[in-house]
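# Residue-level structure breakdown
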Amino acid sequence: RRLEKINALKQGAERIREGMRELQTRLKEIETDVSSWKERIGKLEREAYGARDNSTLYAYQHQIATLRGEIGERDEEGLGLLDQIQTREQALAAE
């Protein structure tokens, strides 16, 4: 009976660890996306300085604003993942 409890705790801890690995993988993907988008924004800003007409400039500004919006959304998602990771870490520490 005691051995069953120990095995159940071990299995629970392993499920928590697996969930944390999945969350960490998703968090890394978000970090990669955000980094890539920030580089893209820098490139678009440099190209916008050379825009010869207002419609081209507007198109660059629109792309930049869209990417900044995506970055904001992904940052929020990343913060949520960090919260989940911390919660799971605390659950593991409690076992």
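Refer to the structure presented above.
For clarity, every value in this text was computed on a predicted model and none was experimentally measured.

Helices and strands together make up the secondary structure of the chain, namely two helices and zero strands. Compactness check: the chain gives a C-alpha radius of gyration of 22 Å against a globular reference of 12 Å for 95 residues, more than 25% above the reference. The dimensions of the chain, computed from C-alpha atoms along their principal axes, are 80 × 15 × 15 Å. Within the span of the chain, comprising 95 residues, buried residues form 23% of the whole. Here the contacts in the chain between residues at least 6 apart in sequence split such that 75% fall between residues at least 24 apart. As displayed, the chain offers around 7400 Å² of accessible surface, 49% of which is attributable to carbon and sulfur atoms. Side-chain charges of the chain comprise 17 positive and 19 negative groups, with the mean position of each set lying 6 Å from the other.

Let us now look at the environment of R74. Within the secondary structure, R74 is located in helix α2 (residues 54–94). Considering only alpha carbons, one finds R74 and E29, 45 residues apart in sequence, at a separation of 9.9 Å. Here R74 is in contact with E29, I30, D33, V34 and W37, once residues within four sequence places are set aside.

Formed by 17 residues in total, the largest nonpolar core has its most connected members in M20, I41, L44, L81, I85 and L92. At the level of secondary structure, the elements contributing two or more residues to this core comprise α1 (2–49) and α2. Per-element accounting of this core gives the leading share, 10 residues, to α1. Those residues in contact with L92 that sit more than four places away from it in its chain are A13, I16, R17 and M20.

With 41 residues, α2 extends 60 Å between its outermost C-alpha atoms, agreeing within 8% with the 60 Å of an ideal straight helix rising 1.5 Å per residue. When α2 is considered as a whole, its buried residues turn out to be Y60, I64, L67, I71, R74, G78, L81, I85 and L92. For α2, the secondary structure elements touched by its buried residues are α1.

So, on to the pattern of salt bridges. Summed over all chains, the structure comprises eight salt bridges. For R21, the salt bridge goes to E14, with nearest N and O atoms at 2.9 Å. A salt bridge links E77 to R74; the nearest nitrogen and oxygen atoms lie 3.8 Å apart. One end of the pair, E77, and the other, R74, are both in helix α2, three residues apart, so they sit about a helical turn from each other.

Each packed pair of helices is defined by two parameters, the angle between the axes and the distance between the axes. For the pair α1 and α2, interaxial distance at closest approach is 8 Å and the crossing angle is 160°. Taken together, α1 and α2 sit at an angle that is classed as roughly antiparallel. As for the relative orientation of α1 and α2, their crossing is left-handed in sense. Classifying every residue of the contact of α1 with α2 gives 21 nonpolar, five polar and 15 charged.

Rules used in this analysis
Residues numbered from 1 in each chain as written. Predicted model: local features only at pLDDT ≥ 70, side-chain atom pairs only at ≥ 80, totals over all residues. Heavy atoms only, no water. Helix = DSSP H or I, 4+ residues; strand = E, 2+ residues; numbered from the N terminus. Rg over C-alpha atoms; globule rule 2.2 N^0.38 Å. Buried < 20%, exposed > 50% of the residue type's maximum accessible area, 1.4 Å probe, protein only. Contact = heavy atoms within 4.5 Å. Areas by Shrake-Rupley, 256 points an atom, 1.4 Å probe, with all protein chains shown as cover. Lys, Arg positive; Asp, Glu negative; His and termini not counted. Charge placed at Lys NZ, Arg CZ, Asp CG, Glu CD. Core = buried A, V, L, I, M, F, W, Y, C linked by side-chain atoms within 4.5 Å. Expected span 1.5 Å × (residues − 1). Salt bridge = Lys/Arg side-chain N within 4 Å of Asp/Glu carboxyl O. Axes fitted to C-alpha atoms, helices over the stretch in contact; angles between N-to-C directions. Parallel < 35°, antiparallel > 145°, perpendicular 65-115°, else oblique. Left-handed = near helix turned anticlockwise from the far one by under 90°. Nonpolar A, V, L, I, M, F, W, Y, C, P; charged D, E, K, R; others polar.

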